[in-house]
Amino acid sequence: MPTHEERILGILGKAVEPLFTSEITKRLNHELGGRESYTMSEISTRLQSLGAQVAQLTDGRWKLKRQTDQ
C-alpha cells in the first residue's frame, strides 16, 4: 500500500498542470475513500517534506520537479 507521500506524488504526476494544496488535499481524501481525512495544513507539511521531489510556484501551486528543474 502506497504511503501518503507516494499518493501525493502520484496525484501531482497525473495532474495536467500544477495544483493548489486544496486541490491535492481534496484528491487525496477522495482516493482514501473518506477513511482518513487530511487537512490542507497536513498536506502542506507533507509537501514541504517532499522538497527534493516537488516545487512550489510563486502562485502557491505545486508541481513535480523534473530532472531539468533540479
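Each chain has its residues counted from 1, following the order in which its sequence is written. Given that this is a predicted model, residues contribute local features only at a pLDDT of at least 70 and side-chain atom pairs are listed and counted only at 80 or more, while totals for whole chains, interfaces and linings are drawn from all residues. Excluding hydrogens and water, the side-chain figures rest on all heavy atoms present in the structure.

Turning our eyes to something else, we now look at the overall build of the protein. Helix and strand content of the protein: 3 helices and 2 strands. Under the DSSP-based scheme used, a helix requires at least four consecutive residues in state H or I and a strand at least two consecutive residues in state E, with every element numbered from the N terminus. Put simply, the protein runs from its N terminus to its C terminus through helices and strands in the order α-α-α-β-β. Restricting the calculation to C-alpha atoms gives the radius of gyration, and the globule rule supplies 2.2 Å times the number of residues raised to the power 0.38. Computed over C-alpha atoms, the radius of gyration of the protein comes to 11 Å, within 12% of the 11 Å expected from 2.2 N^0.38 for 70 residues, which places it in the range of a compact globule. Seen along its three principal axes, the alpha-carbon backbone of the protein occupies a region of about 35 × 25 × 20 Å. Here's how the labels work: a residue is buried when its accessible area is under 20% of the maximum for its type, exposed when over 50%, partly exposed in between, all with a 1.4 Å probe on protein chains only. When the 70 residues of the protein are sorted by exposure, 34% land in the buried category. We call two residues in contact when some of their heavy atoms are within 4.5 Å. Long-range pairs, those at least 24 residues apart, make up 42% of the contacts in the protein with a sequence separation of at least 6. Summing over all exposed atoms, the protein offers an accessible surface of approximately 4,700 Å²; the carbon and sulfur share of this is 50%. Put simply, the protein has 10 plus and 9 minus side-chain charges, and the middle of one group is 3 Å from the middle of the other. Exposure was quantified through the Shrake-Rupley algorithm and a 1.4 Å probe, taking into account, for residues, occlusion by the shown protein chains and nothing else. Only four residue types enter the charge count: Lys and Arg as positive, Asp and Glu as negative, with His and the chain ends excluded. Taken as the charge centre is NZ of Lys, CZ of Arg, CG of Asp or CD of Glu, depending on the residue.

By nonpolar core is meant a set of buried Ala, Val, Leu, Ile, Met, Phe, Trp, Tyr and Cys residues that side-chain atoms within 4.5 Å join together. Core analysis: the largest hydrophobic core is formed by 15 residues, its most contacted members being Ile 8, Leu 12, Ile 24, Leu 28, Ile 43 and Leu 47. Taken together, the elements giving at least two residues each to this core come down to helix H1 (4–14), helix H2 (21–31) and helix H3 (40–49). The element contributing the most residues to this core is H1, with 4 residues. Residues within four places of Leu 28 in sequence aside, it is in contact with His 4, Arg 7, Ile 8, Ile 11, Tyr 38 and Ile 43.

We now examine the packing of H1 against H2. Axis definition: a line fit to C-alpha positions, over the contact stretch in the case of helices; interaxial angles, taken between N-to-C directions, run 0 to 180 degrees. Closest axis-to-axis distance for the H1/H2 pair is 10 Å, and the angle between their directions is 115°. Remark: the crossing between H1 and H2 carries right-handed chirality. Together, His 4, Arg 7, Ile 8, Ile 11, Leu 12 and Lys 14 of H1 and Ile 24, Arg 27, Leu 28 and Glu 31 of H2 make up the contact between the two elements. Residues are grouped as follows: nonpolar covers Ala, Val, Leu, Ile, Met, Phe, Trp, Tyr, Cys and Pro; charged covers Asp, Glu, Lys and Arg; every other residue, Gly included, is treated as polar. Classifying every residue of the contact of H1 with H2 by side-chain character gives 5 nonpolar, 1 polar and 4 charged. Put simply, a crossing is left-handed when the front helix is turned counterclockwise from the back one by less than a right angle, and right-handed when it is turned clockwise.

Let's shift gears to the environment of Asn 29. You can see Asn 29 is positioned in helix H2. Note: C-alpha distance between Asn 29 and Thr 39 (10 residues apart in sequence) is 9.0 Å.

It is the contact of H2 with H3, at a shortest axis distance of 9 Å, that shows an interaxial angle of 105°. Considered as vectors, H2 and H3 are oriented roughly perpendicular to each other. Contacts between H2 and H3 involve Thr 21, Ser 22, Ile 24, Thr 25 and Leu 28 on the former and, on the latter, Met 40, Ile 43, Ser 44 and Leu 47. The class makeup of the residues in the contact of H2 with H3 is 5 nonpolar, 4 polar and no charged. Roughly parallel means an angle under 35 degrees; roughly antiparallel means over 145; roughly perpendicular covers 65 to 115; every other angle is labelled oblique.

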